[in-house]
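# Commentary on secondary and tertiary structure
Spelled out from the first residue to the last, the chains are:
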Amino acid sequence: MARLVIVSNRVPPPRAKGAQAGGLAVALKEALGRRDVLWFGWTGQTTETPGLPHVTHAGTRCYATADLSPPEERLYYTAYSNGTLWPLLHYRSGIFEFERSAEEAWRAVNARFAAMLVPLLEPDDVIWIHDYHLIPLARLLRGLGCTQRIGFFLHVPFPPTALFAALPRRDAVLQDLAAPHLVGLQTEQDAIHLRQALAELGLETRVECFPVGIDAAEFARAAIKASAQPDVARLRASLGDRALILGVDRLDYSKGLPHRFRGYAALLKQHAQHRGKVTFLQVAPVSRGESAQYRMLRRELDELAGRINGEHAEYDWMPLRWLTRPLPRSQLAGFLRHARIGLVTPLRDGMNLVAKEYVAAQDPEDPGVLVLSRFAGAAAELQGAIQVNPHDPADITEALHTGLTMPLEERMARWQHDYTAVAKPPAGDWAQSFLQALAA
Ligand code: ADP
């Protein structure tokens, strides 16, 4: 089988297990199997004058990672990828920022990556590039004479054309997106938007949707195993017989956390029977802390959390537990299993794997209820969830009340629907279907 070359902004450390592995590494794990793989990307580190990539081998895997210079990190990563593309692709035209120098640096880093990658390539490699940081890479590789098959996957949403048109110099970005043989997106809606944007410029390439999934059976096993661990026992002891509402996200403004907090606060006010009977645990490790938007969000949430607890707590009950550190994956699965409500309300999300993990983690005999934003990619599949408009805290309040009072029979029926959806694609199906389509 041809070697697979994966290119992504961040590369998982060779032997990282569980907690450290990012979503992409987890999703690819099954599909990679014993195949020869070269994984290329940024080390996550900066040095004043970055040189050639560091190459390490681990079995059939080869990792080639390169540093960025501090200005490259600031412009390519923080300013353009996370300050321009991330908000715009999540439909946030109001907060995206644009600076030509940042866009130019983004292109320059992609050009430097292309130049470093070419000497490492073999003629029959299959190249799979991931995410918005690396949109220009396929066209740059072509320009350097690469004839290999190249696929690209966009893990975030793609907005309607009128919104995407706000991006300065968007034509070049669309030309970049037309360069791979195949572009994959999370949902059919994203694929439709991208096809329309390309068609407006008379550009064309194959654009298809491949919803990323999880290994549901394995996650379920991990959740059962974790439930027997001391951490989960401690959590349960700390809750007593209170129902757990659990939110697990990166600390990001796309996740709708302030609306979620307000929806919960209103539950305590308007449905007094839940006072003292529920605990909301929100875990949101700080991400992209170097950017002002993220620091502001954190301050807003710290303040909201303090206010909610100040207003509603009793001397023996804290309604909201707010953690800005990550949880180890093994612990997370056990916590999800114990949660009566999985609260997943992003304003916009490419897929949202936490929603699928919550479903997989439930006890089939006594499942909890998923409250899910209808603007998460996962909403297309998880029709058994209580779906809400995440911009409306009152909708979240009602969904929480409905979920907390839902009879077992209905919980089981809804969960059964969603578990079937989550477990249907076999593990590794997402990557395999993409690679098969790319080979065809
Ligand atoms: P995003 O890619 O925007 O971070 P996802 O919902 O797709 O959102 O999450 C990716 C992965 O990160 C999931 O597998 C999830 O379990 C994990 N994750 C998210 N938040 C946390 C957290 N607070 N602690 C540990 N793992 C987390």
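What counts and how
- Residues numbered from 1 in each chain as written.
- Predicted model: local features only at pLDDT ≥ 70, side-chain atom pairs only at ≥ 80, totals over all residues.
- Heavy atoms only, no water.
- Domains from an automatic or database assignment.
- Buried area = accessible area lost by both parts, 1.4 Å probe.
- Polar contact = N/O pair within 3.5 Å; in protein donor to acceptor, adjacent residues only side chain to side chain.
- Helix = DSSP H or I, 4+ residues; strand = E, 2+ residues; numbered from the N terminus.
- Core = buried A, V, L, I, M, F, W, Y, C linked by side-chain atoms within 4.5 Å.
- Buried < 20%, exposed > 50% of the residue type's maximum accessible area, 1.4 Å probe, protein only.
- Contact = heavy atoms within 4.5 Å.
- Axes fitted to C-alpha atoms, helices over the stretch in contact; angles between N-to-C directions.
- Left-handed = near helix turned anticlockwise from the far one by under 90°.
- Nonpolar A, V, L, I, M, F, W, Y, C, P; charged D, E, K, R; others polar.
- Pairing = 2+ DSSP bridges.
- Salt bridge = Lys/Arg side-chain N within 4 Å of Asp/Glu carboxyl O.
- Arc of directions from axis to C-beta.
- Near = heavy atom within 4 Å.
- Areas by Shrake-Rupley, 256 points an atom, 1.4 Å probe, with all protein chains shown as cover.

On to the domain arrangement of the protein chain, then. You can read the domains of the protein chain as domain 1 (4-213 + 427-439) and domain 2 (216-423). Of note, the centres of domain 1 and domain 2, computed from C-alpha atoms alone, are 30 Å apart. Summing both partners gives a buried area of about 1,700 Å² for domain 1 against domain 2, and 59% of it is carried by carbon and sulfur. In this assembly, domain 1 and domain 2 are joined by four residue pairs in polar contact (both at pLDDT 80 or more). Of all the secondary-structure elements, those providing two or more residues to the side of domain 1 that touches domain 2 are helix H1 (23-32) and helix H2 (70-89). Counting residues per element, the side of domain 1 that touches domain 2 draws most heavily on H2, at five residues.

Let's shift gears to the nonpolar core. Nonpolar side chains in soluble globular proteins tend to end up buried together. Residues Phe113, Ile129, Phe158 and Tyr264 are the most contacted members of the largest nonpolar core, which totals 90 residues. In this structure, this core is formed jointly by two domains, domain 1 (4-213 + 427-439) and domain 2 (216-423), each of which donates at least three residues. Residues in contact with phenylalanine 158, not counting those within four places in the same chain, are Leu89, Tyr91, Phe164, Leu174, Leu177, Leu185, Asp190, His193, Leu194 and Ala197. Judged by nonpolar contacts, the second largest core, of 60 residues, contains Ala27, Ala220, Leu336 and Ala378.

Once that is clear, we can look at the packing of helix H9 (residues 230-239) against helix H12 (residues 329-338). Packed helices, taken two at a time, are described by the angle between their axes plus the distance between the axes. Two elements in contact, H9 and H12, have axes separated by 9 Å at closest approach and are oriented at 35°. Helix-helix and strand crossings are classified by hand; for H9 and H12 the assignment is right-handed. Mapping the contact onto sequence places Asp231, Val232, Leu235, Arg236 and Leu239 in H9 and Gln331, Gly334, Phe335 and His338 in H12. Considering only residue class, the contact of H9 with H12 consists of four nonpolar, three polar and two charged.

So, on to the pairing of strand S12 (residues 341-344). Because side chains alternate across S12, one face comprises the buried residues Ile341 and Leu343, and the other comprises Gly342 and Val344, equally buried. Pairing geometry for strand S9 (residues 243-248) and S12, over two bridges, is parallel. Looking at the pairing, leucine 246 lines up with glycine 342 of S12. Taken together, the four bridges between S12 and strand S13 (residues 369-373) define a ladder with parallel strand orientation. Across the sheet, the residue bridging to leucine 343 is valine 371, located in S13.

So, on to the pattern of salt bridges. All told, the structure shown has 24 salt bridges when counted by the stated rule. Across the pair arginine 169 and glutamate 103 runs a salt bridge, and its minimum N-O distance is 3.1 Å. Of this pair, arginine 169 sits in the loop between helix H5 (161-164) and helix H6 (170-177) while glutamate 103 sits in helix H3 (residues 100-117), and the two are 66 residues apart along the sequence. For arginine 169, a relative accessible area of 31% puts it in the partly exposed group. The salt bridge involving arginine 206 is made with glutamate 208; its shortest N-O contact spans 3.2 Å. Under the relative-accessibility criterion, arginine 206 is labelled partly exposed at 32%. Judged by relative accessible area, which is 28%, glutamate 208 ranks as partly exposed. Where salt bridges share partners, they join Glu103, Glu104, Arg107, Arg139, Arg169 and Asp176 into one cluster.

A separate point is helix H16 (residues 429-439). Along H16, the residues classified as buried are Trp430, Ala431, Phe434, Leu435, Ala437 and Leu438. For H16, the buried positions fall inside an angular range of 160° around the axis, keeping them on one side. For H16, the exposed residues lying more than 90 degrees away from the buried face are Gln436 and Ala439.

A word on unusual backbone geometry. Generally, phi is negative for residues other than glycine and the peptide bonds are trans, each holding for most cases. The backbone phi angle of tyrosine 91 is positive, close to 70°, even though this residue is not glycine. Examined against the element boundaries, tyrosine 91 turns out to sit in the loop between H2 and H3. The residue asparagine 352 is not glycine, and still its phi comes out positive at about 80°. The residue asparagine 352 is located in the loop between S12 and helix H13 (353-361) in this model.

We now examine the side chain of asparagine 309. By secondary structure assignment, the location of asparagine 309 is in helix H11 (residues 292-312). Within the local environment of asparagine 309, its side chain forms a polar contact with the backbone oxygen of leucine 320, the two atoms lying 2.8 Å apart. Beyond its immediate sequence surroundings of up to four residues, asparagine 309 is in contact with Met318, Pro319 and Leu320.

What follows is about the environment of tyrosine 77. Here tyrosine 77 is to be found in helix H2. For tyrosine 77, a relative accessible area of 15% corresponds to the buried category. Distance in space between the C-alpha atoms of tyrosine 77 and alanine 102 is 8.9 Å, their sequence separation being 25 residues.

With seven of its ten residues buried, H12 lies for the most part within the structure. Three or more residues of H12 are buried, namely Gln331, Leu332, Ala333, Gly334, Phe335, Leu336 and Arg337.

The subject of this paragraph is the site of the ligand. Around the ligand sit 14 residues, and of these Arg250, Lys255, Pro285, Arg329 and Glu357 come closest. Here an oxygen atom of the ligand and a side-chain polar atom of arginine 250 are 2.8 Å apart. Burial of the ligand by the surrounding chains reaches 81%, relative to a free accessible area of 560 Å². Elements that contribute at least two residues to the shell around the ligand include exactly H12 and H13. Examining the composition of the shell around the ligand, we find that three residues originate from one element, H13, more than from any other. Considering only residue class, the shell around the ligand consists of eight nonpolar, one polar and five charged.

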